[in-house]
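Per-entry structural report
What follows is each chain in one-letter form.
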Amino acid sequence: MIDISAIRLDFPILSEKISGKPLIYLDNAATSQKPLPVIAAIDRYLRTQNSNIHRAAHHLANISTELYETSRSKIAKHLGVKTHEINFTRGTTESINLLKEAYGMKMLEKGDAVLISEMEHHANIVPWLDLKEKIGIELRYIPMNLDCTLDLSQIDTLLDQKVKLVSIQMISNAIGTIHPVEFIIQKAKSLGARVHLDIAQVVSHQAIDLSEMNIDFASFSGHKVFAPFGIGVFWGREDLLNQMKPYHFGGEMIKEVYMDKATYNDLPYKFEAGTPNVMGGIALAEAFDYIDKIGMSAIEAYESSLYEFAYEELSKIEALQFHSPKGKSIASLSFSIGDIHPFDIGQILDAQGIAIRTGHHCAQPIMRKLGIEGTCRASICFYNTEEEILALVRGLKQGIKMLS
Ligand SMILES: *Cc1c(COP(=O)(O)O)cnc(C)c1O
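Residues numbered from 1 in each chain as written. Predicted model: local features only at pLDDT ≥ 70, side-chain atom pairs only at ≥ 80, totals over all residues. Heavy atoms only, no water.

Digging into the packing of helix α10 (residues 296–315) against helix α13 (residues 386–403)
The line we're drawing: As a rule, the C-alpha atoms of each element are fitted with a line to give its axis, helices using only the stretch in contact, and angles between N-to-C directions run from 0 to 180 degrees. Runs of H or I in DSSP of at least four residues are treated as helices and runs of E of at least two as strands, each being numbered from the N terminus. In these notes the angle categories are as follows: under 35 degrees is roughly parallel, over 145 is roughly antiparallel, 65 to 115 is roughly perpendicular, and the rest is oblique. Crossing handedness: left-handed means the near helix sits turned counterclockwise from the far one by under a right angle, and right-handed means the same turn made clockwise. When checking whether two residues touch, look at their non-hydrogen atoms; a contact exists if any pair is within 4.5 Å. When residue character is reported, Ala, Val, Leu, Ile, Met, Phe, Trp, Tyr, Cys and Pro are called nonpolar, Asp, Glu, Lys and Arg charged, and the others, Gly included, polar.
Viewed as axis vectors pointing N to C, α10 and α13 meet at an angle of 20 degrees, and their least axial separation amounts to 10 Å. Compared by their axis directions, α10 and α13 come out roughly parallel. In the crossing of α10 with α13, the sense of the turn from one axis to the other is right-handed. When α10 is examined against α13, the residues L306, F309, A310, E313 and L314 are found in contact with a partner set consisting of E386, I389, L390, L392, V393 and L396. Per-class residue counts for the contact of α10 with α13 are 9 nonpolar, no polar and 2 charged.

The structure is reproduced here in structure tokens:
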């Protein structure tokens, strides 16, 4: 069981007032808020531990290196993988660009196909469009049904021998749909394709053991899982990472540098050129410690009952049309209200201290398919409450009255 009032005190921002009203933060799919232990770890690091890592004789450099590398191993443990398979990046976007550069550019060829879906975040579309332009891969899409689930009816045609890489999200950021990834992974693997999972919307909501998933790569952002901006993870299987080439070049990623050549470092430093975000890595490990202390199963249970409650209460608004498929989505509730522009709704809610996100949520192909410009998206976290959901419903009803 979750002690919600104690948890809320761990997140100082939740006590802030917006236009004189208590903040109701329902934009967790865009970024999560930060708990005190994470804030304290950053404060402690900057006050007493700050130093560049590696290759130094002095005390602070050793402390900093030790903290950074211990953090990497804690994160690896949380995800069920090897420490040196964890590559720190700036976030999901950089991780997928790493995959495109270090794997796509090196190991794929003209005529190979990459399979993604129509429901991907732009971060998992645009790098592949660039790869298509650069080396002539074929980019295929699993289409979306109008109920915002994936249409797998043509999967056997889409997923054939030409497909060398399948790169898909596990949970949609725009809609909250949980995709049947196990089914897709199994099909891909039976044909020998590599699989990359975008788990940006998973890590803060569900326990995930990457070693059990029969995949090759995974990406997520720290800021969506209670750590600050600018830190993320790209995970890859050791044997594949060893075959891939570096994609950024400079300090740390080398073994020896001569005027006419250089040799590259071992994992994970090979993919971490330059001074890394040491503080971010430490904060991310602290964030995982924090959620592990609450317990991922308690988090899942609380959030799923809150989600059902929200779905139920929002359904009572007659003009509201859900895009999040019932029983097949979590965390994000995406909806439209008649012809009212989502942005207008967002502004009326904002005046009441309620933060939701409106727009295309970095997934324009979804909006185009639905024939709309954007949606309203309320996304929950374990620090949200039923009272907050009821305030959202009241706010929406008031908005409808004002705008129609
Ligand atoms: C947020 C998100 C991204 C992009 O993450 P950044 O932190 O902006 O790099 C990619 N995919 C999904 C599913 C996301 O939710």
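Text resumes after the structure shown.
Points about the packing of aromatic side chains
To describe a pair of aromatic rings, you give the distance between the ring centres and the angle between the ring planes. Test applied: Note on aromatic pairs: the rings of Phe, Tyr and Trp (six-membered ring only in Trp) are paired at centre separations within 6.5 Å, and the planes decide the class, stacked below 30 degrees, edge-to-face beyond 60, tilted for the rest. Note on classification: 1.4 Å probe, protein chains only; a residue is buried when its accessible area is under 20% of the maximum for its type, exposed when over 50%, partly exposed between these limits. Placement of a charge over a ring requires the Lys NZ or Arg CZ to be within 6 Å of the ring centre, with the centre-to-atom vector within 35 degrees of the ring normal.
Using the criterion set out here, one finds 13 aromatic pairs in the structure. Ring centres of Y307 and Y311 lie 6.2 Å apart, and the angle between their planes is 55 degrees; this geometry places the pair in the tilted category. Placement of both Y307 and Y311 in helix α10 is noted, with a separation of 4 residues, approximately one turn of the helix. Given the relative accessible area of 6%, Y307 is considered buried. Residue classification places Y311 among the buried positions, given a relative accessible area of 8%. Seen from their ring centres, F382 and Y383 are 5.9 Å apart, and the 65 degrees between their planes marks the pair as edge-to-face. Classification of F382 as buried rests on a relative accessible area of 0%. The rings of F11, F226, Y290, F382 and Y383 are connected pair by pair, giving a single aromatic cluster. Of note, K34 hangs over the ring of F229, and the distance from its end group to the ring centre comes to 5.7 Å. Here the basic side chain of K261 rests over the ring of Y258, its NZ or CZ set 5.2 Å away from the ring centre.

Focus on helix α5 (residues 126–135)
Basically, it comes down to this: Here the arc refers to the directions that run from the helix axis out to each C-beta atom.
Residues of α5 that are buried include every one of P127, W128 and L131, and no others. For α5, the angular spread of the buried residues around the axis is 95 degrees, confining them to a single face. Buried residues along α5 sit against α4 (92–107), β5 (113–117), β6 (138–142) and β7 (163–169). In the segment just after α5, G136 is the residue with positive phi, at about 80 degrees.

Here we look at the domain arrangement of the chain
We count it as follows: Domain start and stop points were drawn from an automatic or database domain assignment. Using a 1.4 Å probe, buried area is obtained as the accessible area two parts lose upon being combined, added over both of them.
As far as domains go, the chain holds domain 1 (4–27 + 295–403) and domain 2 (39–292). Here the C-alpha centroids of domain 1 and domain 2 sit 28 Å apart. Taken residue by residue, the interface counts 34 residues in domain 1 and 29 residues in domain 2. Around 2600 Å² of area is buried between domain 1 and domain 2 when both sides are counted, 64% of it from carbon and sulfur atoms.

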